[in-house]
Every structure is written in structure tokens, then in C-alpha cells.
Amino acid sequence: MGAGGRVSAASGMPGRPVVELGCRVRFGGRAWTVAALVGGQVRLVAEDGEVAAVLLSLLFADGGFELLEAPGVPGVPPLGLLESLPEAVRERALAWERHVREVETGRPGGTGAAGSPRTEYDPQMRTLAQREEAKVAELSAASMSTSVVTVRRMRARYRREGVWGLVDHRSARPRTALGRADERVVAALQEVLEAGRERSSGTLGRLRVYTERLLAEQYGDGVVPLPSSATFNRLVHALADGRGLLGSARQRRWRSARPAPPFVPTTVMAPGELVMMDSTVLDAFVVLDDGVAERPELTIALDVATRTICAAVLRAKGTRSVDAAQLLAQMMVPAPMRPGWAEALAMEHSVVPYERLLSVDARLEGAAARPVITPQTIVVDQGNVFISSSFIAACESLGISVQPAPPGNGPAKGHVERTFSSINTLFVQHVAAYTASHTGERGKDAEGEAVWTLAQLAEMFQEWIVCGWQEREHDGLRHPMMPRCALSPNEMWAALVAVCGYVPVPLGREDYIELMPIKRQKINDYGIRIDYRTYDHKVLNPFRREPSSAADGLWEIHYNPHAPGLVWVRLPKPDQPRGYGWEAVPWIHHTLVSAPFTDFTWQHIKRTVARRADRAQHEHDLALALRELLERAAAGHGTRREKVVVARARTAATGGAVWGILYGQQPEAEADEAGEDVFGTSDDEEFLTDDSAPSVWPAEPLGGFPSCAAQEAQEADVPAPRRPQVTVYDPFEESLRW
């Protein structure tokens with residue numbers, strides 16, 4: 001016999017079966033349980049209670065001997081599952097544990113328990129069968145009727161599973177919220193719920209009708225009956241509540257757009273390591289030209305590491321890829337101090353290490369307290385603006401990786417989405433003509449309260465970024481050495497730039513042209529034709545009908561959708577270091593249409609003017625129609641649609657001189673590059689100081705309106721916007737406090 005009540009079928013031979021107490025063996029064609037190992041004998045107990053004593057040599061020599069089941073080592077009982085059981089079931093299992101231990105060891109607490117065993121359960125005086133019979137008698141006397149077979153079964157379960165094997169598993173069966181519902185009804189209801197995820201919200205009654213209709217199509221009329229309305233409604237909630245299939249349409253869309261869990265947080269340790277870009281319609285009206293009130297569109301770039309709003313562009317509706325490219329330029333260029341800003345907003349008066357950075361980048365002199373961050377990776381949505389070839393090419397030229405988020409997945413760029421919400425509560429709701437986030441919260445005449453032009457609102461927003469956002473503590477910004485102290489974006493940038501360093505990226509006029517949208521076309525005898533607009537200039541003479549050096553033989557052309565009256569062509573220039581240079585080529589009808597317009601205006605004209613002649617004459621007709629539209633709208637005539645189109649064009653076109661905001665003045669090379677002024681503009685032209693319109697501020701209120709808005713309306717001979725009748729809150733008086 002082996003040590004500890006174990007014996008091997010062939011002593012010393014590895015891999016042989018080991019017989020021990022409690023194991024089940026096959027002997028003589030029957031299944032037995034090993035009850036004892038004494039000397040050279042083994043005592044076996046059959047399933048019917050028969051006991052046999054067999055020599056070990058005979059047991060192993062039997063031709064049908066087989067080790068059927070060896071007792072496993074009891075593991076730690078699943079205490080958590082035991083706690084989830086009803087108290088009566090749990091107490092019954094624990095009571096059986098004490099009875100089984102007493103039968104096997106003589107003590108209810110087990111072998112190591114203190115005290116002496118009772119006489120009827122003493123292993124030295126009673127056999128196992130006698131102890132089992134004694135336990136049956138004891139339990140029967142206590143009104144717990146049982147049998148020897150039940151006691152043996154409980155002992156076997158206890159050896160295999162511990163106390164969990166003694167539980168009445170009928171009470172531990174998993175419960176389902178669906179109850180006994182028909183599986184066909186459940187499957188049909190799930191299909192209806194999934195199909196309605198993107199639909200408008202409806203009632204539970206509609207779900208019942210659709211489910212009944214689907215069951216009739218699949219199985220026939222009346223074959224699968226629906227449960228009662230109360231049971232059906234409970235079934236709907238059981239299927240839909242945990243999966244976000246009920247609630248408002250907005251909640252369902254948000255739930256369906258979520259990526260599959262688990263969610264792993266993204267750790268960003270350096271400025272520019274991860275930048276998120278997105279656009280949204282601002283919850284406020286602005287006054288465009290001719291008194292047209294409209295909600296503008298805001299596009300921002302947010303640095304995740306510092307929560308810095310690196311750049312922001314406020315446009316009339318219709319953000320283009322050139323606006324996204326402008327964000328890239330703004331991010332890498334110091335923000336200049338604007339006229340009228342407090343000296344405290346300058347970078348030299350902020351927490352930023354100004355003196356050390358100035359020695360590296362001289363452009364920071366006189367800059368505002370907004371960090372200059374070069375992005376490494378940009379996260380964008382699937383909007384046409386951010387996945388356009390021109391924007392991707394602009395990012396590639398600057399060594400920036402573009403990472404598109406899954407379609408319709410707001411949580412993938414949750415930082416910038418949350419920033420839009422903060423902008424709405426911290427800035428926009430204090431602006432006149434605030435519209436609130438949805439129509440249910442909108443005032444009676446929010447559009448009539450509009451007093452700010454797009455240029456003025458953009459100016460105020462740029463100022464608020466520096467003084468309101470960059471200096472405000474953000475709960476998500478924590479310094480490793482001061483984890484309990486929330487930092488502002490400027491403080492976080494100052495802490496990280498000392499570790500990560502700062503490398504300035506200078507941008508010039510040619511870099512801005514590189515960021516514009518691209519077209520590749522031939523240079524024909526008539527010049528370059530883009531969307532029924534022909535561009536021509538004498539600088540193209542040497543290259544007409546000539547292929548370029550590119551593989552496709554086409555010439556690279558860059559254009560600005562906000563100012564389509566001019567394009568830039570990359571032409572070879574051997575005398576320059578790069579071997580090429582940019583030449584500005586004007587539209588041939590730029591003298592006919594002198595007012596600003598955009599590609600948006602041009603598309604409107606193309607839809608309204610039918611072609612009645614050849615291509616050249618049709619282009620001339622389009623130019624005449626465009627001029628008439630601009631003049632008619634400037635005189636205050638035309639439909640509301642035409643006024644909106646022209647107002648958007650004027651607002652967007654005035655933002656063409658973007659380098660006015662980036663550098664404070666237009667580079668001299670821009671006017672002298674082509675050798676002449678192709679548009680005949682005056683040398684005394686005053687360049688813009690804002691990214692969207694001239695920075696004009698009211699000196700004194702005129703008739704309750706800011707003087708610039710009223711003066712522009714009077715110069716255009718258009719009635720000024722109507723002043724609404726307000727009592728407690730007067731947006732016009734409020735506007736004068738800014």
C-alpha cells in the first residue's frame with residue numbers, strides 16, 4: 001500500500017493508475033467505490049450498497065480492472081455564489097457539510113477539529129458503513145428523512161465539488177429576464193428593435209404592431225400569438241433597456257456609434273502628440289452683410305495633452321478644406337496680440353517660459369498667451385473637409401499623421417466634443433442671439449437679437465480663448481508632482497514644453513499656398529479652365545500645351561474656394577533654389593466681377609443660369625449673372641436666398657488674406673512675385689487683422705446698434721436690422737459692455 005492510503009497498480013512504474021480512498025474502479029464487471037485500504041486488501045462498496053473485501057493482487061490482476069474516477073482535490077468553495085443563494089438553501093448545504101465530515105472523520109468540523117468523536121461515528125470503533133447507517137438514523141429521527149444511498153451521494157459530491165456540491169441546484173438555476181417567452185416572439189421582437197435603431201422614436205404599441213406583422217410574414221397569420229400587452233411591454237424592456245434600443249433617437253444613435261468595449265484610455269504625454277479637429281454650428285446668430293442673420297460654423301483644433309485650443313476658424317456655413325488647412329497654419333504660428341487687447345494677455349506676462357522660448361523663436365515677441373503646438377497626429381471625423389485629398393496632402397507635407405475616426409462615432413473624439421460643450425456654456429450663451437442647444441430651449445426671437453457681425457464675434461472668441469480658456473483650470477490636467485492641483489492649459493504646456501522641448505516651424509507665403517486645395521490640369525491655349533472659370537496670364541505663355549515634368553504630364557494648380565478669382569500654378573524656375581515657383585493667375589472676368597464671391601456663390605449661379613451658347617459665351621453669361629446678383633443683393637433687392645448667398649460670399653471672401661492674422665501683415669513677396677499687380681489693387685490697401693473679416697469696432701453706439709454694423713448697412717443702402725422689443729434683457733445694451 002502506498003503512503004497516505006494510496007497504492008499503485010505497478011509500484012515504481014510512472015504513469016500507472018493510483019488507487020486511493022474514494023476513487024471508483026471497475027472490478028468483476030461492476031463499478032465499485034474504494035472504501036478502505038487495509039494491509040494488502042481493499043474494501044469495495046457497490047452502488048447498491050454491497051461490500052466486498054478483495055486482495056490488491058486480485059484486483060489488479062482482474063482482466064476488466066479499470067480506474068473509472070479518482071477523487072479530485074476539493075477547491076476553495078465559491079463563497080460568492082453561496083452568498084447569492086436563499087438563506088434556507090445555504091444553511092441546508094452547510095448542515096450537510098457537517099454531517100458528511102462527521103461520517104468520514106468522526107468530527108463535524110473535520111479531521112483537525114478539537115474534541116473527541118461521538119461513539120457511533122468513531123472510525124476506530126465503527127466501519128464506514130456503520131457510520132453511514134448511524135447518520136441515516138440520526139437524520140430520520142430529526143424529521144429529515146434520508147437513506148444510505150443519499151448519504152453516499154452527498155459524500156461523493158463533497159469530494160468532487162466541496163460545499164457547492166451539497167447545494168440544491170434547483171434553486172441555483174440562472175434566471176432569465178425573458179421568463180418563458182416564446183423564442184419566436186423574442187427573435188421577432190429583437191429584429192424589430194434593431195431595425196428601428198435609426199428611426200424616429202415611437203410607442204410600445206408600434207413595436208407590438210410591427211412584431212405581430214413580422215410573425216405573420218414568417219409563420220402565418222395567428223400561428224404565433226403575442227402575449228398580453230403587460231407581458232409584451234416587460235419583454236420589450238428586458239430586451240431593449242440594457243442595449244440602448246429604447247429612449248430618444250439621439251440616445252440610440254449615440255449608443256450605436258459607441259465602439260465595442262473594453263475601452264482603453266489613450267495616454268498622451270507631449271504637446272501635439274494627439275490633436276483633434278472638428279466643426280460645429282455655433283449656437284448663436286451673427287449678422288452677415290445686408291442684415292442677414294445666420295448661425296456661423298466653428299472649426300477648432302484641440303491639443304489633448306494640454307487641452308489647448310490651438311486654432312479656431314469661425315466661418316459662415318460651408319467650411320471647406322482650405323479652412324482646415326488654415327487651422328494647421330494657425331497652430332504653428334504664434335497668435336498676434338490684437339488691437340485693444342489688455343497687456344496681460346501677452347505671452348510675456350503669462351506662466352509660459354517666455355524668455356527661454358523667445359531665444360529659440362523670435363516670432364514669439366509680442367505674441368498672445370496661446371501655445372504654439374506642432375501636431376504629430378490629428379484625429380478627424382469622416383467629414384469631406386477633413387478627408388479631402390488637399391487636406392491629407394497638406395498634412396503629409398508637414399509630416400502630420402491623419403487618423404480618421406469611425407463614421408458617426410462621437411466618443412472617438414470625445415475631447416473635442418466636450419470642448420464644444422464647454423465653449424457653449426462658457427462663452428456662447430453669454431453672446432447676444434444665443435439660440436440654445438435645441439429649439440425647445442430657444443427664445444421667441446433669437447434671430448432678431450443678433451447684433452454682432454461675424455468678424456466681431458470671431459474677434460471676441462479669439463480673445464476669450466486667450467483670457468478665458470487658456471487661463472482656466474481644467475480638471476483633466478494634473479501635474480505628476482502635484483496630482484491634487486488642477487492646471488490650466490497654459491500651465492500644462494509650460495510644464496510639458498520644459499521636458500519635451502520646443503522646435504519652431506516657420507511658415508511663409510509658399511507654405512500657405514501649399515496648404516490650399518489642389519487640382520491637376522493642362523495649360524491650354526486659352527489658359528486653365530476650372531468649373532466654367534477660365535484663368536489666364538502671360539506667365540503661362542512658355543508652357544501652353546506643354547506637358548509638365550510630372551508622370552501624368554499635368555500641372556499642379558492650387559486655389560482658394562473662398563476667393564476663386566485667383567489660382568496659383570507651380571511653374572519651373574531653374575534660378576530658384578527649389579527649382580520651381582508659384583505664379584498667380586487671375587480669372588479672365590475679374591474686371592467684370594469686382595465684388596468678392598466664393599465657390600458657394602458660383603455654384604448657385606451655375607444652377608440658375610441655363611447654357612444657351614458655347615462654353616466661352618456661357619462663362620461670360622455666368623459672369624454677368626454673378627455681377628447682377630452681387631449688385632442686386634448690395635442694393636437690398638433679390639430674394640432672401642440670394643441675399644444669404646451673397647452675404648456668405650462677402651463674409652468668406654474677406655478672409656482670403658489669412659497671413660494678415662498669422663504675420664500681422666502680408667508678405668511683400670506676394671505682391672511682387674508675379675512682377676505686376678494682376679488685380680490692379682492699391683498699394684495703400686489695409687490688410688486684415690482677422691481670419692474672416694476686417695477688425696472694425698464701434699466707437700459709439702448709433703441708434704442702439706454697433707456703429708460698424710449700422711454704417712455698413714447704410715452704405716449698402718439696406719435697412720438696418722430691426723431692433724427687437726425686449727425688456728429685462730437687451731442684447732444691444734449687453735453688446736456695448738464687451
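For the structure itself, consult the block above.
Draft legend 1. The nonpolar core, seen in detail. One finds Leu298, Ile300, Ile309, Ile423, Phe427, Leu457 and Phe461 to be the most contacted residues of the largest nonpolar core, which totals 39 residues. Those elements that provide at least two residues to this core are β11 (297-303), β12 (308-315), α13 (414-426), α14 (454-469) and α15 (489-500). With 8 residues, the top contributor of residues to this core is α14. With sequence-adjacent residues up to four places away left out, Ile309 is seen in contact with Ile300, Ala301, Leu302, Arg370, Thr419, Ile423, Ile465, Trp469 and Gln470.

Draft legend 2. Layout of the pairing of strand β8 (residues 275-281). Across 7 bridges, β8 lies against β11 in antiparallel orientation. Of the residues in β11, the one forming a bridge with Val275 is Asp303. Across 2 bridges, the pairing between β8 and strand β13 (residues 377-380) is parallel. For Val275, the partnering residue across the bridge sits in β13 and is Ile378.

Draft legend 3. Focus on the sheet that holds β11. In spatial order, the strands read β12-β11-β8-β13-β14; together these 5 strands make up an open sheet with mixed pairing. A strand with exactly one partner marks an edge of an open sheet, and here the two such strands are β12 and β14 (401-404). Taking each pair of neighbouring strands and ignoring which way they run, the sheet shows an average axis angle of 20°. Where α13 meets the sheet, its contacts fall on β8, β11 and β12, and the angle it forms with β11 comes to roughly 125°.

Draft legend 4. Representation of the packing of aromatic side chains. Under the criterion given, the structure shown has 10 aromatic pairs. Their ring planes at 40° and their centres at 5.5 Å tell us that Phe427 and Trp464 sit as a pair that is tilted. In this pair, Phe427 sits in the loop between α13 and α14 while Trp464 sits in helix α14, placing the two residues 37 residues apart along the sequence. Just as Phe427 is buried, Trp464 falls in that class too. A centroid spacing of 5.8 Å and a plane angle of 20° characterise the contact between Phe461 and Trp464, whose relative ring orientation is stacked. With a gap of 3 residues between them, Phe461 and Trp464 both fall in helix α14, about one helical turn apart. The pair formed by Phe461 and Trp464 is uniform in burial state, with each residue classed as buried. An aromatic cluster is present here, built from Phe427, Phe461, Trp464 and Trp469 joined pairwise through their rings. Against the face of Tyr219 rests Arg184, its NZ or CZ located 5.6 Å from the ring centre. Sitting over the face of the ring of Phe232, Arg208 holds its NZ or CZ atom 5.4 Å from the ring centroid.

About the cut-offs
Residues numbered from 1 in each chain as written. Predicted model: local features only at pLDDT ≥ 70, side-chain atom pairs only at ≥ 80, totals over all residues. Heavy atoms only, no water. Core = buried A, V, L, I, M, F, W, Y, C linked by side-chain atoms within 4.5 Å. Buried < 20%, exposed > 50% of the residue type's maximum accessible area, 1.4 Å probe, protein only. Helix = DSSP H or I, 4+ residues; strand = E, 2+ residues; numbered from the N terminus. Contact = heavy atoms within 4.5 Å. Pairing = 2+ DSSP bridges. Axes fitted to C-alpha atoms, helices over the stretch in contact; angles between N-to-C directions. Phe/Tyr/Trp six-rings, centres within 6.5 Å; stacked < 30°, edge-to-face > 60°. Lys NZ or Arg CZ within 6 Å of the ring centre and 35° of its normal.

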